[in-house]
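One letter stands for each residue in the lines below.
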Amino acid sequence: MIKRIKYIINVEVLGKLLLLIRSKLEKLRLKTKGKLKKSNIFGPPIISSAEMKNLMSQHYLKGMYTTKKVAWVTSGAPIEFLLALDYYLFYPENHAALCGARKLSTELIEDSEEGLYPQDICSYAKVNLGWILKNKDPISKLPKPDLILACTNICQTVLYWYQVLADIYKIPLIVIDTPFVYDTINNDQLMYVKRQLNDSIPIMEKVSGKGLSEKRLREVLSYSREAVALWLKILMTAKHRPSPISAFDTFIHMGPIVNLRGERRTVLYYQRLLSELEYRVKNNIGAIRNEEIRLLWDNLPIWFMLREISTFLAKMNTNIIAATFSYAWGELAHLIDENRPLDSISSIYSQVLLNRSPLSKFEVLKKLTKELEVDGIILHSNRSCKPYSLGQIDQRNCIVSELSLPAFLIEADQADSRDFNFNQANMRLEAFIEEIKERKWRSKAQ
Ligand code: SF4
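Residues numbered from 1 in each chain as written. Predicted model: local features only at pLDDT ≥ 70, side-chain atom pairs only at ≥ 80, totals over all residues.

I'd like a rundown of the overall build of the protein, residues and numbers included.
In terms of helices and strands, the protein carries 19 helices and 8 strands. Here the C-alpha coordinates of the protein stretch approximately 70 × 50 × 50 Å along the principal axes. Out of the 446 residues in the protein, the part that is buried amounts to 42%. For the protein, restricting intrachain contacts to residue pairs at least 6 apart in sequence, the fraction spanning at least 24 positions comes to 79%. (Helix = DSSP H or I, 4+ residues; strand = E, 2+ residues; numbered from the N terminus. Buried ≥ 20, exposed ≤ 12 C-beta atoms within 10 Å, placed from the backbone. Contact = placed C-beta atoms within 7 Å.)

Here's what the structure looks like:
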């Protein structure tokens, strides 16, 4: 009862009011910034960003005071069952990314290494484990889990990382193992995943103390479908010249599709974001003022360098207009069917980008390159995320030989800033952009 009262006061009354005021002020700030800085290298800011921040802050605030059962889940986990059972969902990977974007991750990584863990494992895992070992709250107080759900469709790291979490908190761990899809998914693979999902439902029900309603599951899945389809449309506004959005914007605006898919508020938010971007398309408002070069980004972002890299590129009239990482959250929209929940969930979550062959990833690069008419590709060789970085050298060679496009491999890490030399990376990036400009100039002259 006391917990419930605290929740109402802190979240429903005070939190809502303060976040609403903050969001209004932020909107005003963004509008003014867009009007004042005509000479800025960036285009006017996306005003919906204020609402997105509000949505995500609300989510984290709810987590601090929640009275619901809490599940910690991997980023590609089939969360629709948990949502239908009214769990509060927390994504350690997203929290680690947030720490990275706020330049708070490296300290937590060092904390985890000091405690136990080697430098080689994924920095997201180390941010999370560092936070637990040292009991630090760099962003907000995180809700303790009652259940852990890990899906191996993104990597094997999560299998061991989430096992450690389940041991620390002494709570049930559900693992959904998804066979790697080399070519096309077959029936045996689908049945294998479906059986595991079926077996996991009673555990989820037992921890939540509730029974799964098929009607509610369908509703959640239909919100997932709508949100994912809208997300894809949002990303595809980048076809326009100039692109109204940058990959850096998509890294920020993907917060709801990762953390809050399956929810109505996400659908409503993406509808508004899409209409703002359509307005920008209609009025030729670009993410940068002078879009001369359009690039594609592969792999996760370098979270602690978002502002620095985007500014450096914008000064060279270059925009990274899209990323395979953001696209991975939209490309499977057509597979979601709320009328066949179990089949549909088994199929989508088995076929996420990281669970498919490097060849299939190359096909995605090819498709985006063609549809978005980019001038070159930057491949982030990410020390943390081995499954994403696997085969990138071959992919770079294929981009150059098959697509006749320049490709650039940048070595870094998504959240660990220790071995990243910004000046060195800039020098190489500058040479890469000059090469593209030269190619464009030569092809025009011919
Ligand atoms: S290794 Fe890659 S997929 Fe796995 S948790 Fe780390 S970033 Fe995510």
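Still more ground to cover, so stick around.
If you had to explain unusual backbone geometry to someone new, which residues and values would you point to?
Of the consecutive residues arginine 241 and proline 242, the connecting peptide bond is found in the cis state with omega at 0 degrees. As for its position among the elements, proline 242 is in the loop between α9 (214-236) and α10 (247-253). Phi is positive for aspartate 86, which is not a glycine, with a value near 70 degrees. Turning to its location among the elements, aspartate 86 is positioned in the loop between α3 (80-84) and β2 (88-90).

Residue-level account of the sheet that holds strand β7 (residues 376-382), with values.
Read from one edge of the open sheet, 4 strands run β6-β5-β7-β8, paired in parallel fashion. Of all the strands in the sheet, the pair left with one neighbour each is β6 (318-323) and β8 (407-412). Strand-to-strand twist of the sheet, defined as the mean angle between neighbouring strand axes without regard to direction, takes the value 30 degrees. As judged from the 4 bridges shared by strand β5 (residues 293-298) and β7, these two strands associate in the parallel manner. Its bridge partner being in β7, leucine 296 is matched across the sheet by isoleucine 377. (Pairing = 2+ DSSP bridges. Axes fitted to C-alpha atoms, helices over the stretch in contact; angles between N-to-C directions.)

Which residues make up helix α18 (residues 392-402), and what are the values?
Buried within α18 we find Gln392, Gln395 and Ile399. Projected down its long axis, α18 carries its buried residues within an arc of 55 degrees, all on one side. Turned more than 90 degrees away from the buried face of α18, the exposed residues are Ile393, Asp394, Asn397 and Ser401. Check the buried side of α18 and you find it contacts α16 (358-372), β7, α17 (386-389) and β8. Positive phi shows up at serine 404, right after α18, with a value of about 55 degrees. (Arc of directions from axis to C-beta.)

Provide a residue-level description of the nonpolar core, including the pertinent values.
Within the largest apolar cluster, 112 residues are counted, with the highest numbers of intra-cluster contacts made by Leu82 and Ala322. In terms of residue count, the dominant contributor to this core is α9 (10 residues). Excluding residues within four positions of it along the chain, leucine 82 makes contact with Ala71, Val73, Tyr87, Leu89, Leu149 and Met204. (Core = buried A, V, L, I, M, F, W, Y, C linked by C-beta atoms within 7 Å.)

Let's hear about the packing of helix α2 (residues 49-65) against helix α12 (residues 264-282): which residues, and what values?
At a closest axis distance of 10 Å, the pairing of α2 and α12 adopts a crossing angle of 165 degrees. As judged from the angle between their axes, α2 and α12 are roughly antiparallel. Two packed elements cross with a definite hand, and for α2 against α12 that hand is left-handed. For the pair α2 and α12, the contacting residues are Glu51, Met52 and Leu55 in the first and Arg265, Tyr269 and Arg272 in the second. When grouped by side-chain class, the residues that make up the contact of α2 with α12 number 3 nonpolar, no polar and 3 charged. (Parallel < 35°, antiparallel > 145°, perpendicular 65-115°, else oblique. Left-handed = near helix turned anticlockwise from the far one by under 90°. Nonpolar A, V, L, I, M, F, W, Y, C, P; charged D, E, K, R; others polar.)

Quick one: what's the story with the sheet that holds β2, residue by residue and with numbers?
The strand order across the open sheet formed by 4 strands is β2-β1-β3-β4, and the pairing between neighbours is parallel. Across the chains shown, the open sheet's two edge strands, defined by having one partner strand only, are β2 and β4 (173-176). Across the sheet, the mean angle separating the axes of adjacent strands is 25 degrees when strand polarity is ignored. When strand β1 (residues 70-73) meets strand β3 (residues 147-151), the two strands line up parallel, connected through 3 bridges. Note on β3: the bridge partner recorded for valine 73 is leucine 149. Running at roughly 165 degrees to β4, helix α8 (residues 187-208) makes contact with β3 and β4 of the sheet.

In short, the description is geometric, and any link to function would need to be established separately.
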